[in-house]
Amino acid sequence: MKKNIFYLTIGFVALALFAIFWYSVENFTPVLFMIAFVIGVVLLYLIYRRVDDFIEDERSARITEKAATRTLQVFWVCFCAFSIMAVMNLLYMPRFSRDFWLDRRFLPVPQELMSLKTIGYVQLGLLCLMIFLYVGFRFYYARKFGEWESDEE
């Protein structure tokens, strides 16, 4: 198995664990997620043992370095933008109109953009996205630096 396929497998296992986590929270079955997490880690370990192209040279180290750097650069912007929106949602203070101060019977109800549960799910989804970003950048830089080209004539 190739290492890029392994990285994609990690992403899909993370997405499956995300879905199981969601189901466990909705149905209040935390044991299900704990069992699924252990199975996922064991599955990834067994798949990792079958990867045969973990040859580390200067080119693959450079590809890994560039892919990791670009993933971090793109991901922190996405995650930071979402986190700012989530904090703004949590700190939302309703503006009280003049009618509120004159007539105390009128009480505005603040509206949330997203619930706390939804914010948590989106943040977990963004963490899964980070894995796919890394794989995408790894493919890009492997093609750019010619990792799949043969040096033999």
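Chains are numbered independently. Their residues run from 1 in the order of the written sequence. In view of the model being predicted, local features appear only for residues whose pLDDT reaches at least 70, and side-chain atom pairs are presented and counted only at 80 or more, with totals across whole chains, interfaces and linings using the full set of residues. As a rule here, side-chain values cover all heavy atoms of the structure and leave hydrogens and water aside.

Brief notes about the layout of surface pockets
Thinking step 1. Points on a 1 Å grid, built from protein atoms alone, make a cavity when a 1.4 Å probe fits but cannot get out and make a pocket when they are open with protein on both sides within 12 Å along at least 5 of 7 lines; residues with an atom within 4 Å of a point are the lining residues. Grid points are joined across faces, edges and corners, and a volume is the space filled by probe spheres set on the points. Counted as a void, the second largest pocket has a volume near 230 Å³.
Thinking step 2. Taken together, 14 residues make up the lining of the second largest pocket; nearest its centre are Val13, Ala14, Leu17, Phe18 and Phe37.
Thinking step 3. The secondary structure listing takes helices from DSSP runs of H or I that are at least 4 residues long and strands from runs of E that are at least 2 residues long, numbered from the N terminus. Breaking the lining of the second largest pocket down by element, the ones donating at least two residues are helix H1 (3-27), helix H2 (30-48) and helix H5 (116-145).
Thinking step 4. Top contributing element to the lining of the second largest pocket by residue count: H1, with 6 residues.
Thinking step 5. Side-chain classes follow a simple rule in which Ala, Val, Leu, Ile, Met, Phe, Trp, Tyr, Cys and Pro form the nonpolar group, Asp, Glu, Lys and Arg form the charged group, and the remainder, Gly included, forms the polar group. Among the residues forming the lining of the second largest pocket, the class breakdown is 13 nonpolar, 1 polar and no charged.

What to know about a nonpolar patch on the surface
Thinking step 1. A contiguous nonpolar patch, built from Phe37, Val38, Val41, Val42, Tyr45, Leu46, Tyr48 and Phe54 and spanning about 760 Å² of accessible area, is present on the exposed surface.
Thinking step 2. Position of Phe54 relative to the elements: it lies in the loop between H2 and helix H3 (58-90).
Thinking step 3. Since its relative accessible area comes to 35%, Phe54 is described here as partly exposed. Only residues whose relative accessible area exceeds 30% and that form no salt bridge are eligible for patches; like-charged ones are grouped when within 9 Å, while nonpolar side chains (Val, Leu, Ile, Met, Phe, Trp, Tyr) are grouped when within 5 Å. Here the accessible surface of atoms and residues is derived via Shrake-Rupley with a 1.4 Å probe, and residues count as covered only by protein chains that are part of the display. Throughout this description, the term salt bridge denotes a Lys or Arg side-chain nitrogen within 4 Å of a carboxyl oxygen of Asp or Glu. The cut-offs for exposure are 20% and 50% of the maximum accessible area for each residue type, with area from a 1.4 Å probe on protein chains only; residues under the lower value are buried, those over the upper are exposed, and the others partly exposed.

So, the nonpolar core
Thinking step 1. Remark: nonpolar core denotes a set of buried residues (Ala, Val, Leu, Ile, Met, Phe, Trp, Tyr, Cys) joined through side-chain atoms within 4.5 Å. Core analysis: the biggest nonpolar cluster contains 10 residues, these being Phe6, Tyr7, Ile47, Val51, Ile63, Ala67, Tyr134, Val135, Tyr141 and Ala142.
Thinking step 2. Where this core is concerned, the elements lending two or more residues are H1, H3 and H5.
Thinking step 3. The greatest single-element share of this core, amounting to 4 residues, is contributed by H5.
Thinking step 4. Ignoring any residue separated from it by four or fewer positions in sequence, one finds Val135 in contact with Asn4, Tyr7 and Leu8.
Thinking step 5. Counting residues in hydrophobic clusters, the runner-up holds 7 residues, among them Phe82, Met114, Ile119 and Leu133. Residue contacts are defined here by distance: any two heavy atoms, one from each residue, within 4.5 Å place the two residues in contact.

What to know about the packing of aromatic side chains
Thinking step 1. Working definition: a ring pair exists when centres of Phe, Tyr or Trp rings (six-membered ring for Trp) sit within 6.5 Å. Plane angles under 30 degrees give stacked, over 60 give edge-to-face, the rest tilted. In this structure the tally under the stated criterion is 13 aromatic pairs.
Thinking step 2. Between Tyr140 and Tyr141, the aromatic rings sit 4.9 Å apart at their centres with planes inclined by 75 degrees, giving edge-to-face as the arrangement.
Thinking step 3. For Tyr141, a relative accessible area of 5% puts it in the buried group.

A word on the pattern of salt bridges
When their charged atoms lie close together, side chains carrying opposite charge are able to pair.
Thinking step 1. Under the definition given, this model contains 2 salt bridges.
Thinking step 2. One salt bridge in this structure joins Lys117 and Glu26, with 3.4 Å as the shortest N-O distance. Residue Lys117 is located in helix H5, and its partner Glu26 is located in helix H1; the two are separated by 91 residues in the primary sequence.
Thinking step 3. Classification of Lys117 by relative accessible area gives partly exposed; the value is 44%.
Thinking step 4. Here Glu65 and Arg62 are joined by a salt bridge, their closest N and O atoms 3.3 Å apart.

Notes on the environment of Met114
Thinking step 1. Here Met114 lies in the loop between helix H4 (98-102) and H5.
Thinking step 2. Taking C-alpha positions, Met114 is 8.9 Å from Leu90, a pair spaced 24 residues apart along the chain.
Thinking step 3. In this structure, Met114 is in contact with Phe82, Met85, Asn89, Ile119 and Val122, ignoring residues within four places of it in sequence.

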